[in-house]
Amino acid sequence: MNYEASPFQNYESITIDELKDQANSLLNLVTEEQRPLCVCMNNSKEFLLFPQDLLAPVCDSDFRLILLSAMRYAMGRNTCMPMVVADYIKRHIQLLDDKFLVLAADEIRRHFEDYAEHELNPNLWQGLLDALETEQRERATCQARKVKPCPICGKPLEVMSITDNRHSPGGFDVIAHCRNCLTDYEWFCDKDGGVSDMKQYFFG
């Protein structure tokens, strides 16, 4: 399926310097006339100014259910919908919440268990499942690397290692060190971003 490489290419565009000079009038344009504005930075990067209302459909809790329903409808179909839905999810996967990643991945696994021999696009759905699991793993790793304070002195802990947990697929065991009081700690992060209580770690 064809889609625009940049869905914002038709928005009015200005430089960051122009934004500074015309801030009040331009912000009124965005908020009152509901006209998104593309701001071009001096380093060639771009960001968008747009009314909060434009994000409402994505932030709505029902959006997750609607997208899951579209995925369930598409699985097993011999139409263009499987590619449309799978590609849409992949394109916007970083904007989808953690709960969606878990539910969507579980839905694909169940579909394979129940209807694998009848699925007309197994590679398509396996590719989406791989993308969902990769995003989950990256988010869990990011959570595991978040700086935590030492329970004793309050100084930031330095993460020394992050290893896969043998008993919880997708989970990580984290070991960190406090350079101030020379103490080591460990904790566990599950695949959904949950974190266990911290406890002192003893090597060997």
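The rules behind each value
Residues numbered from 1 in each chain as written. Predicted model: local features only at pLDDT ≥ 70, side-chain atom pairs only at ≥ 80, totals over all residues. Heavy atoms only, no water. Pairing = 2+ DSSP bridges. Helix = DSSP H or I, 4+ residues; strand = E, 2+ residues; numbered from the N terminus. Buried < 20%, exposed > 50% of the residue type's maximum accessible area, 1.4 Å probe, protein only. Axes fitted to C-alpha atoms, helices over the stretch in contact; angles between N-to-C directions. Parallel < 35°, antiparallel > 145°, perpendicular 65-115°, else oblique. Left-handed = near helix turned anticlockwise from the far one by under 90°. Contact = heavy atoms within 4.5 Å. Nonpolar A, V, L, I, M, F, W, Y, C, P; charged D, E, K, R; others polar. Expected span 1.5 Å × (residues − 1). Arc of directions from axis to C-beta. Core = buried A, V, L, I, M, F, W, Y, C linked by side-chain atoms within 4.5 Å.

**Q** How do you make sense of the sheet that holds strand β6 (residues 183-189) when you look at a structure like this?
**A** Strand pairs in the sheet, formed through backbone hydrogen bonds, run parallel or antiparallel to each other. In spatial order, the strands read β4-β5-β6-β7; together these 4 strands make up an open sheet with antiparallel pairing. The open sheet has two free edges, formed respectively by β4 (158-164) and β7 (199-200), since each of these has just one partner strand.

**Q** What am I meant to see in unusual backbone geometry here?
**A** Only a minority of non-glycine residues have a phi that is not negative, and only a minority of peptide bonds are not trans. Even without glycine at this site, L182 takes up a positive phi of about 55°. By the secondary structure assignment, L182 is in the loop between β5 (172-178) and β6. According to the relative accessible area criterion, L182 is exposed, its value standing at 64%.

**Q** What's the story with the packing of helix α4 (residues 62-74) against helix α6 (residues 98-115) in this structure? I'm lost.
**A** Between α4 and α6, the shortest axis-to-axis distance is 11 Å and the interhelical angle comes to 20°. Put simply, α4 runs roughly parallel to α6. Handedness of the crossing formed by α4 with α6: right-handed. Contacts between α4 and α6 involve R64, L67, L68, M71 and R72 on the former and, on the latter, K99, F100, L103, A104, E107 and I108. Looking at the contact of α4 with α6 residue by residue, the classes come out as 7 nonpolar, no polar and 4 charged.

**Q** What is the right way to look at α4 in this model?
**A** Owing to its 3.6 residues per turn, the α-helix brings residues three or four apart onto one side. Between its terminal C-alpha atoms α4 stretches 18 Å, which fits the 18 Å expected from 13 residues at 1.5 Å a residue. Every buried residue of α4 is accounted for by F63, R64, L67, L68, M71 and A74. Looking straight down α4, one finds its buried side chains confined to an arc of 135°; they lie on one side. Packed against the buried residues of α4 are α3 (56-59), α5 (81-91), α6 and α7 (122-144). Of the residues trailing α4, G76 is marked for its positive phi of about 90°.

**Q** I'm lost on helix α2 (residues 23-33) in this one. Help?
**A** Of all the residues in α2, the buried ones are L26, L29 and V30. Here the buried residues of α2 occupy an arc of 90° about the axis, which is enough to place them on one side. Set apart from the buried face of α2 by more than 90 degrees, the exposed residues are N24 and E32. Looking at the residues trailing α2, positive phi occurs at Q34, about 55°.

**Q** Could you clarify how one ought to interpret the nonpolar core in this entry?
**A** A general trend in soluble globular proteins is that nonpolar side chains are found buried together. Within the largest apolar cluster, 22 residues are counted, with the highest numbers of intra-cluster contacts made by M71, I89, F100, I108, W125, L128 and L132. If you list the elements that add at least two residues to this core, you get α4, α5, α6 and α7. Among the elements that take part in this core, α6 stands out by supplying 6 residues, more than any other. In this view, M71 contacts V85, I89, A104, E107, I108, W125 and L128; residues no more than four positions away in its chain are not counted.

So yeah, pure geometry; function would need other evidence.
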